[in-house]
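Tertiary structure, described
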Amino acid sequence: MLRRGFGRSDRFVQRNLFRSVSRNKEIDYLGEFDYFLLGVALLITAIGLVFLDSAMDNMYTDGGAGAMRVQIIGLILGLICAVVMAVFDYNMLKSITIPFYVVNVLLMLCVYTPLGIEENGSRAWLNFGVITYQPSELMKLAMVLVVAKELEQAKEEGFTRSNGIKILVAYLVPLGLIFLQRDIGQALVLTFAFLMTLFIGRAKWWYILSIIGVGASLVPFVWKFYINGVRRARLLAFMDPEKYSDFSLQLRRAKTAIGSGQLIGKGLGEGPMNNGKKILVKLSDSIFAVIGEEGGFIMTVLLVVLFAILLLRMCYISMRARDMFGQCVAIGIFAMFLFNIFENIGMNLGVMPITGLPLPFVSKGGSAMITNFFAIGVLLSVSLRRKRGFFEDM
C-alpha cells in the first residue's frame, strides 16, 4: 500500500539525490573550479564599482560612501553565496524547488504589506531599513528550477499532462504577480527565461507554440488595458522620440552622454553630464551612459566584450552539463542575464525601449549583487560537475 502510494516525483528526486552524493565524492573542487566564469564576473563588477563610485559622488551628502559600503557588502555576501552554491551539488536543489518557489511567492506578496515600497510606478521592492530587495529577482530563478525539474522528469519518464500543468503554473503565478507590481521589464525577463528553458529542455513543440500563440493573442489586450499612462508614453517615445519628447528625455540624454565620451572618454569623475546630474536614473538604468561619457568607446566596448565572454561561458556550461536539469538551469540563468544586459545597454543606445532593468554586476543594488552572484554560484556548481571530454576544459 505504501509502495503504491509513493509518488512518481518522489522516486525521481530520491534517485537523483543518490546520484548526486555519489558524484560529489569524485570531485576535485580546487582543481575543477570554474575560475574563468567567476573571474569574468568579478572583472565586470570591478569596472562597475569604479564608475558607480563616480556616479554616486554628487548624489549623496557623504559622496556615496554609505551606498558604496552597501554595494561592497552585497559583493562579499554574494561571493560567499557563490562559493557555497558551487560546493553544493545543484541536483540537490530538486528536493527544495517547491519550498524555494513558495517562499519567493510569499516574498512577492509581501510587497503589499507595510514592508513594500513603490519606485518609479512599480510596487516591487521590500524595505528592510538598511537595504531594499526586489523579490522578483530570485523568483525568476525559482521558476527556472521548477520548470527544469519537470522537464528532466518528462525526459526520463515521458511528458504527461501533469508535467505540462506544473510547468505552466510555475510560470503564470510569478508572471501574474509581476504584472500586479506593474513591472514590464521583469515580466519580459521571466518570459524569455521560461521559453529558453522550454526549448533547451526539449519540451513538445506543440506545447511551446501554444504558449507563444496564446501570449501573442493577449498582447493587444495588455496594450489597451495594462500598458497605459507613463508606460505607454515611454514605449511610444522609443518609436518617436521627437513627438513624445517629454518622455524621451532619459533616452536622449543617455545617448548624448555616450556620444560625448568619444574614443577615450572625459575621464573618471570628469563627465560634465554626470557631474551636472543630467543623466537621469544614472545609478541603475543609465549607468552605461556614465561609463560611455567618462570611459569612452574603449571602455564601453571592453564591457560589452566581457559580458559576451560571460554569456558564452554560461552557454558552454549548459552544453556540457551532465544532465537535463543542469542544462535547463544553466540556460535559464543565461537567458535572464542575456535579456537584462541586452535591454539595459540597448535602451541607453536607443535600440530598445526603456523598461527600468538594471545592468547586472554594474548598477547600484546590494541585494541585486547578492542575487547575481547566487546565480553565478549555481552555474559554478553545474560547471564543477560537467561532462568531461578527451581533453580537459579550460
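These notes cover the structure that comes with them.

What counts, and at which threshold
Residues numbered from 1 in each chain as written. Predicted model: local features only at pLDDT ≥ 70, side-chain atom pairs only at ≥ 80, totals over all residues. Heavy atoms only, no water. Helix = DSSP H or I, 4+ residues; strand = E, 2+ residues; numbered from the N terminus. Rg over C-alpha atoms; globule rule 2.2 N^0.38 Å. Buried < 20%, exposed > 50% of the residue type's maximum accessible area, 1.4 Å probe, protein only. Contact = heavy atoms within 4.5 Å. Areas by Shrake-Rupley, 256 points an atom, 1.4 Å probe, with all protein chains shown as cover. Lys, Arg positive; Asp, Glu negative; His and termini not counted. Charge placed at Lys NZ, Arg CZ, Asp CG, Glu CD. 1 Å grid on protein atoms, 1.4 Å probe; cavity = no way out; pocket = protein on both sides within 12 Å on 5 of 7 lines; lining within 4 Å. Points joined across faces, edges and corners; volume = space filled by probe spheres on them. Nonpolar A, V, L, I, M, F, W, Y, C, P; charged D, E, K, R; others polar. Core = buried A, V, L, I, M, F, W, Y, C linked by side-chain atoms within 4.5 Å. Axes fitted to C-alpha atoms, helices over the stretch in contact; angles between N-to-C directions. Parallel < 35°, antiparallel > 145°, perpendicular 65-115°, else oblique. Left-handed = near helix turned anticlockwise from the far one by under 90°. Phe/Tyr/Trp six-rings, centres within 6.5 Å; stacked < 30°, edge-to-face > 60°.

Check the secondary structure of the chain and you find 16 helices and three strands. The C-alpha atoms of the chain give 22 Å as radius of gyration, which agrees with the globular expectation for 394 residues (21 Å, within 12%). Overall, the chain is about 75 × 50 × 40 Å in size when its C-alpha atoms are taken along their principal axes. A burial count over the chain gives 50% of its 394 residues as buried. Within the chain, contacts between residues at least 6 apart in sequence are counted, and of these 74% link residues at least 24 apart. If you sum the accessible surface of the chain, you get close to 18200 Å²; carbon and sulfur atoms cover 69% of it. Positive and negative side-chain charges in the chain, numbering 39 and 28 respectively, have mean positions lying 8 Å apart.

Quick look at the layout of surface pockets now. The space that makes up the second largest pocket amounts to roughly 170 Å³. The wall of the second largest pocket is formed by Val304, Phe307, Ala308, Leu311, Leu338, Ile341, Phe342, Ile345, Gly346, Leu349 and Val351. The leading source of residues in the lining of the second largest pocket is helix α15 (residues 324-349), at six residues. Across the lining of the second largest pocket, the residue classes tally to ten nonpolar, one polar and no charged.

Counting 102 residues, the largest nonpolar core has Leu198, Phe361 and Ile376 as the members making the most contacts within it. No other element matches the 14 residues that α15 contributes to this core. If sequence neighbours within four positions are ignored, Ile376 has contacts with Leu37, Leu38, Ala41, Met314 and Phe361.

Let's shift gears to empty space enclosed by the protein. What the rule picks out here adds up to two cavities of 30 Å³ or more. Within this model, the largest cavity holds a volume of roughly 220 Å³. For the largest cavity, the lining is made up of 20 residues, of which Glu137, Phe337, Pro360, Ala368 and Asn372 are closest to its centre. Among the elements of the structure, α7 (136-157), α15 and α16 (366-384) are those that each provide at least two residues to the lining of the largest cavity. Broken down by element, the residue count for the lining of the largest cavity peaks at five residues, all from α16. Residues that form the lining of the largest cavity fall into these classes: eleven nonpolar, six polar and three charged.

Interhelical geometry of helix α4 (residues 35-56) versus α16 gives an angle of 165° and a closest axis separation of 10 Å. Judged by the angle between their axes, α4 and α16 are roughly antiparallel. The chirality of how α4 crosses α16 is right-handed. Residues Leu37, Leu38, Ala41, Leu42 and Thr45 of α4 lie in contact with α16, whose contacting residues are Met369, Phe373, Ile376, Leu379 and Leu380. Classifying every residue of the contact of α4 with α16 gives nine nonpolar, one polar and no charged.

Below, the discussion takes up the environment of Asp246. Structurally, Asp246 is set in the loop between α11 (230-239) and α12 (249-260). Judged by relative accessible area, Asp246 falls into the exposed class, the value being 69%. As for Asp246 and Asn163, which are separated by 83 residues in sequence, their C-alpha atoms are 47 Å apart.

Within the structure shown, the criterion is met by ten aromatic pairs. Considering the side-chain rings of Phe192 and Phe339, the 5.7 Å spacing of their centres and the 45° angle between planes classify their relative orientation as tilted. Of this pair, Phe192 sits in helix α9 (residues 184-200) while Phe339 sits in helix α15, and the two are 147 residues apart along the sequence. Under the relative-accessibility criterion, Phe339 is labelled buried at 17%. Ring-pair connections join several aromatic residues into one group, and the members of that group are Phe159, Trp206 and Tyr207.

Read these as spatial facts, not as claims about activity.
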